[in-house]
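The lines below spell out each chain.
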Amino acid sequence: MGDGGAADLARRLKAQAFGLGFDLVGITALGEPATRAAFDAWLEAGYQGGMAYLDGEGAELRRDTRRPHVGATHAIVLATQYGGREPSGPVARYARGDDYHELLRERTRGLHRWLEAELGRPVDARPYVDSGPILERDLAQRAGLGWFGKNTMLINPKAGSFFFLSSLFVALGNNDVLDVDDPFAADRCGSCTRCLDACPTQAFTGPRVLDATLCISYLTIELRGAIPEPLREKIGGLLYGCDICQEVCPWNVSFTTELREEAFASREELLDAGSGDGTRALAREILMMDAADYAAAFKGSAMKRAKLWMLKRNACVVLGNIGTNADLAVLDAMLAHEHDVVREHAAWAIDRLTGHGQQ
Ligand code: SF4
Ligand code: SF4
């Protein structure tokens, strides 16, 4: 296929991706990430905390995008918006609806099937949805989708940063087959520092450097242990994840749009959770759940990444911060929970609500 054919295939492939429901698409050749040195320095500093999948082999694979799927030459990088116009709440926007992994994987596979039909031959390919050992934001920048904001998110000038990234790795040979996009070269953060200033835990050690061990998203979703006590108060009413450094970003404020993807819309039980009373009610509900309630309430939900005991731990922190005496009974019941972390967080919350924990 000549140059014209490669450009034409890229154009038609993008049209197909938009038709499948993706909001942004870019194409890049695989290779060493531009942010590899920054990634190594970040690991060296220990900012990944307990996320062991980022160490050792996981790190090695992330140092070159040709490694995860041997033979792959290109990535088609896809973004799907999830932000919507709902107000802030105790659950991060990405986790309010259905789990996005399977939906986006199937959609990405649809693009693979289309590509094979177009080329009239099998194409070795692999879809990744937030699951592969890939520095996805680096890949997306390389494919022209946006720049790295000072909040470490990838920001697109027309769509902001509330989107899922997925990609289809394909083995296609050289660029004669498929035209690649230019990397997104500009940095449009300028002198803005809103995200750095707004972070409740001061988790940014500098622009584009996040100490994940201080980040509320890590503390409430990834951390499998006790939340360090000095950080608990700063979590406020956040039960699962944190959107603050994205919500303050002018690029999200300007480009907030209605949610197009119904599957990502808030589950009914989260709709009223945005108010203080709604957040407390949700926290109490979580504390009262048993395994069967949890399985039923969060079936197919993106919140399933956290185990029930972790959600209960988070709920104790939230009630310790914004609860009232009316929440003491359910916290008392947690003093007998089988998990010691839940018991300890419940005791902390009770101390806060009764004034015993104050200096
Ligand atoms: S997600 Fe929240 S806690 Fe984490 S860096 Fe952003 S503002 Fe800070
Ligand atoms: S808030 Fe400002 S500095 Fe932070 S990512 Fe957005 S534009 Fe960049």
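Refer to the structure presented above.
Please read all numbers here as calculations on a predicted model, not as lab measurements.

(A) The overall build of the protein, seen in detail. The secondary structure content of the protein amounts to 16 helices and 8 strands. A globule of 359 residues ought to have a C-alpha radius of gyration of about 21 Å, and the protein, at 22 Å, matches this closely. Along the longest, intermediate and shortest principal axes, the C-alpha atoms of the protein span 75 × 40 × 40 Å. With 359 residues in all, the protein has 52% of them scored as buried. Counted over contacts in the protein with a minimum sequence separation of 6, partners at least 24 positions apart contribute 75%. A total of about 15,800 Å² of accessible surface is found on the protein, and carbon and sulfur atoms cover 51% of it. Separation between the mean location of the 39 positive side-chain charges and that of the 49 negative ones in the protein comes to 2 Å.

(B) Highlighting helix α4 (residues 100-119). In this model, α4 (20 residues) spans 29 Å end to end at C-alpha, consistent with the 28 Å of a helix rising 1.5 Å per residue. The set of residues buried in α4 consists of Y100, L104, R105, R107, T108, G110, L111, H112, W114, L115 and L119. Looking one or two places after α4, you find G120, whose phi comes out positive at around 70 degrees.

(C) Main features of the layout of surface pockets. Approximately 300 Å³ is the volume found for the second largest pocket. Surrounding the second largest pocket, 22 residues form its lining, Q81, G83, G84, F162 and T257 being those nearest its centre. No other element matches helix α10 (residues 250-255), which puts 4 residues into the lining of the second largest pocket. Here the lining of the second largest pocket is built from residues that sort into 6 nonpolar, 9 polar and 7 charged.

(D) Region of interest: the sheet that holds strand β1 (residues 24-29). Taken in spatial order, the 4 strands make up an open sheet running β1-β2-β6-β3, and their pairing is antiparallel. The open sheet has two edge strands, β1 and β3 (125-129), and neither has a second partner. If you compare each strand with its neighbour and ignore which way they point, the axes differ by 20 degrees on average.

(E) Helix α16 (residues 340-354), seen in detail. Over its 15 residues, α16 extends 21 Å from the first C-alpha to the last, a length consistent with the 21 Å expected when each residue adds 1.5 Å. Where α16 is buried, its residues meet α8 (229-232), α14 (308-322) and α15 (328-334). Once α16 finishes, G355 follows within two positions and takes phi at roughly 85 degrees, a positive value.

(F) Just the nonpolar core, in detail. Of all hydrophobic cores here, the largest spans 93 residues; its most connected members are I76, Y94 and Y240. Ranked by the residues each element gives to this core, the list is headed by α14, at 9 residues. In this view, I76 contacts L13, V25, G26, I27, L111, S166, S167, L168 and V170; residues no more than four positions away in its chain are not counted.

(G) Looking closely at the site of ligand 2. Looking at ligand 2, the residues that line it are G149, K150, N151, I155, C189, C192, R194, C195, C249, P250 and W251. Contributing elements (two or more residues each) for the shell around ligand 2: α6 (194-198) and α10.

(H) Structural view of the packing of aromatic side chains. All told, the structure shown has 11 aromatic pairs when counted by the stated rule. Measuring from centroid to centroid gives 5.5 Å for Y294 and F298, while their planes differ by 55 degrees, and the two rings are tilted. Judged by relative accessible area, which is 3%, F298 ranks as buried. Through pairs of rings, three or more aromatic residues link up here, namely Y82, Y94, Y100, F162, F164 and F264. The positively charged end of R93 is found above the aromatic ring belonging to F162, 5.5 Å away from the centroid. The cationic tip of R232 hangs over the ring face of W348; the distance from NZ or CZ to the ring centre is 5.4 Å.

(I) Structural view of the site of ligand 1. Residues in contact with ligand 1, as listed here, are C199, P200, T201, A203, F204, L210, C215, I216, S217, C242, I244 and C245. Among the elements of the structure, α7 (216-222) and α9 (244-247) are those that each provide at least two residues to the shell around ligand 1. Tallied by class, the residues present in the shell around ligand 1 amount to 10 nonpolar, 2 polar and no charged.

(J) Here's a closer look at the side chain of D327. Within the secondary structure, D327 sits in the loop between α14 and α15. Here T324 takes part through its backbone nitrogen, which lies 2.8 Å from a polar atom of the side chain of D327. In this structure D327 touches R280, R284, L319 and L353, once residues within four positions along its chain are discounted.

(K) Spotlight on the pairing of β3. For β3, the tally of buried residues reaches 4 of 5 residues, placing the bulk of the element in the interior. Bridge count for β3 against strand β6 (residues 163-170) is 5 bridges, and the pairing is antiparallel. Following the sheet pairing, A125 is matched in β6 by V170.

Conventions used here
Residues numbered from 1 in each chain as written. Chains lettered and ligands numbered in written order. Predicted model: local features only at pLDDT ≥ 70, side-chain atom pairs only at ≥ 80, totals over all residues. Heavy atoms only, no water. Helix = DSSP H or I, 4+ residues; strand = E, 2+ residues; numbered from the N terminus. Rg over C-alpha atoms; globule rule 2.2 N^0.38 Å. Buried < 20%, exposed > 50% of the residue type's maximum accessible area, 1.4 Å probe, protein only. Contact = heavy atoms within 4.5 Å. Areas by Shrake-Rupley, 256 points an atom, 1.4 Å probe, with all protein chains shown as cover. Lys, Arg positive; Asp, Glu negative; His and termini not counted. Charge placed at Lys NZ, Arg CZ, Asp CG, Glu CD. Expected span 1.5 Å × (residues − 1). 1 Å grid on protein atoms, 1.4 Å probe; cavity = no way out; pocket = protein on both sides within 12 Å on 5 of 7 lines; lining within 4 Å. Points joined across faces, edges and corners; volume = space filled by probe spheres on them. Nonpolar A, V, L, I, M, F, W, Y, C, P; charged D, E, K, R; others polar. Pairing = 2+ DSSP bridges. Axes fitted to C-alpha atoms, helices over the stretch in contact; angles between N-to-C directions. Core = buried A, V, L, I, M, F, W, Y, C linked by side-chain atoms within 4.5 Å. Near = heavy atom within 4 Å. Phe/Tyr/Trp six-rings, centres within 6.5 Å; stacked < 30°, edge-to-face > 60°. Lys NZ or Arg CZ within 6 Å of the ring centre and 35° of its normal. Polar contact = N/O pair within 3.5 Å; in protein donor to acceptor, adjacent residues only side chain to side chain.

As far as function goes, none of this settles anything; it's purely spatial.
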